[in-house]
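Examining the three-dimensional arrangement
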Amino acid sequence: MTTADSREILVASAHALAHEDDLGSTLSTMLDAVAWAFRIGSAAIVARRPDGAGLEIIAAFGLDEKAAAGLSAAIASPTHPIARTFAEPQPTYDVAPVNPGGPALRSHLPLIVTRGGTAKVLGVLALAHEDSIDTESRPVLEAVADLAAVAIERHAS
């Protein structure tokens, strides 16, 4: 990924956060920017349901209806990597998928805000990709995860 790609991702994401009216379009703009630059096959942003009973996909890239339904069912399991990221909020990169099919690698980034000294996981950015995400590019993804967390927080209030 080039410096220009990094700049485009961050500019598009910050602009969406500041100027998009609804959460879905804000997160979709962020996913589109990341997907293009990182050659992501599919991506999802998953958050807790408003009633607190489980997880739901709130934005997606490259997931058809069947794939989205499969992912929705899979994340209901507490052992699924996305569900585990809520419990253990550390980014994971370039891991093999739990279920076969699709791109060869998965990465999961927690969407965290810290208020009053307390960190709260608001969601997970899940990426499916063929190529490894190089160490130098990871801070860009982590910045997008931070912007996505702020978007979720803003729209929850």
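Here is what the cut-offs are and how they apply
Residues numbered from 1 in each chain as written. Predicted model: local features only at pLDDT ≥ 70, side-chain atom pairs only at ≥ 80, totals over all residues. Heavy atoms only, no water. Core = buried A, V, L, I, M, F, W, Y, C linked by side-chain atoms within 4.5 Å. Buried < 20%, exposed > 50% of the residue type's maximum accessible area, 1.4 Å probe, protein only. Helix = DSSP H or I, 4+ residues; strand = E, 2+ residues; numbered from the N terminus. Contact = heavy atoms within 4.5 Å. Salt bridge = Lys/Arg side-chain N within 4 Å of Asp/Glu carboxyl O. Pairing = 2+ DSSP bridges. Axes fitted to C-alpha atoms, helices over the stretch in contact; angles between N-to-C directions. Parallel < 35°, antiparallel > 145°, perpendicular 65-115°, else oblique. Nonpolar A, V, L, I, M, F, W, Y, C, P; charged D, E, K, R; others polar.

The biggest cluster of nonpolar side chains holds 30 residues, and the ones touching the most others in it are Ile-45 and Leu-127. For this core, the secondary-structure elements that each account for two or more residues are helix H1 (3-19), helix H2 (23-38), strand S1 (40-48), strand S4 (105-115), strand S5 (118-129) and helix H5 (138-156). Apart from the residues lying within four places of it in its own chain, the contact partners of Leu-127 are Val-34, Ile-40, Ser-42, Ala-43, Leu-105, Arg-106, Ser-107, Leu-109, Ile-133 and Leu-141. Formed by 11 residues, the second largest nonpolar core is a distinct cluster that contains Ala-44, Val-46, Ile-75 and Val-124.

The next subject is the pattern of salt bridges. Inspection of the entire model under this criterion finds two salt bridges. Residue Arg-138 pairs with Asp-94 through a salt bridge whose shortest N-O separation is 3.2 Å. Note that Arg-138 is positioned in helix H5 and Asp-94 in strand S3 (residues 92-95), a separation of 44 residues in sequence. For the salt bridge of Glu-153 with Arg-115, the shortest nitrogen-to-oxygen distance reads 2.7 Å. Residue Glu-153 is found in helix H5, and its partner Arg-115 is found in strand S4; the two are separated by 38 residues along the sequence.

Our focus in this paragraph is the sheet that holds S1. Strand order across the open sheet formed by five strands is S2-S1-S5-S4-S3, with antiparallel pairing between neighbours. Among the strands making up the open sheet, the edge pair consists of strand S2 (55-61) and S3. Across the sheet, the mean angle from the axis of one strand to that of its neighbour is 20°, orientation sign disregarded. Both S3 and S4 contribute to a ladder of two bridges, which runs antiparallel. In the sheet register, Val-95 faces S4, and the bridge partner there is Arg-106. Where H5 meets the sheet, its contacts fall on S1, S2, S3, S4 and S5, and the angle it forms with S4 comes to roughly 50°.

Next up on the list: the pairing of S4. Summarising burial for S4: eight of the 11 residues are buried, a large majority. The sheet contact formed by S4 and S5 spans 11 bridges and is antiparallel. From the neighbouring strand, Val-113 faces S5, where its bridge partner is Lys-120.

The subject of this paragraph is the packing of H1 against H2. Axis separation between H1 and H2 bottoms out at 8 Å; the angle between their running directions is 175°. In terms of orientation, H1 lies roughly antiparallel with respect to H2. When H1 is examined against H2, the residues Asp-5, Glu-8, Ile-9, Ala-12, Ser-13, Ala-16 and Leu-17 are found in contact with a partner set consisting of Thr-26, Thr-29, Met-30, Ala-33, Val-34, Trp-36, Ala-37 and Phe-38. Per-class residue counts for the contact of H1 with H2 are 10 nonpolar, three polar and two charged.

Right, let's talk about the pairing of S2 for a bit. For a regular strand, side-chain orientation follows a simple rule: the groups alternate between the two sheet faces. Taken together, the six bridges between S1 and S2 define a ladder with antiparallel strand orientation. Paired with Ala-43 across the bridge in S2 is Phe-61. Hairpin connection between S1 and S2: a loop of six residues separates the two successive antiparallel strands, and Gly-52 in this loop has a positive phi of roughly 80°.

By themselves, these observations are geometric and do not establish any function.
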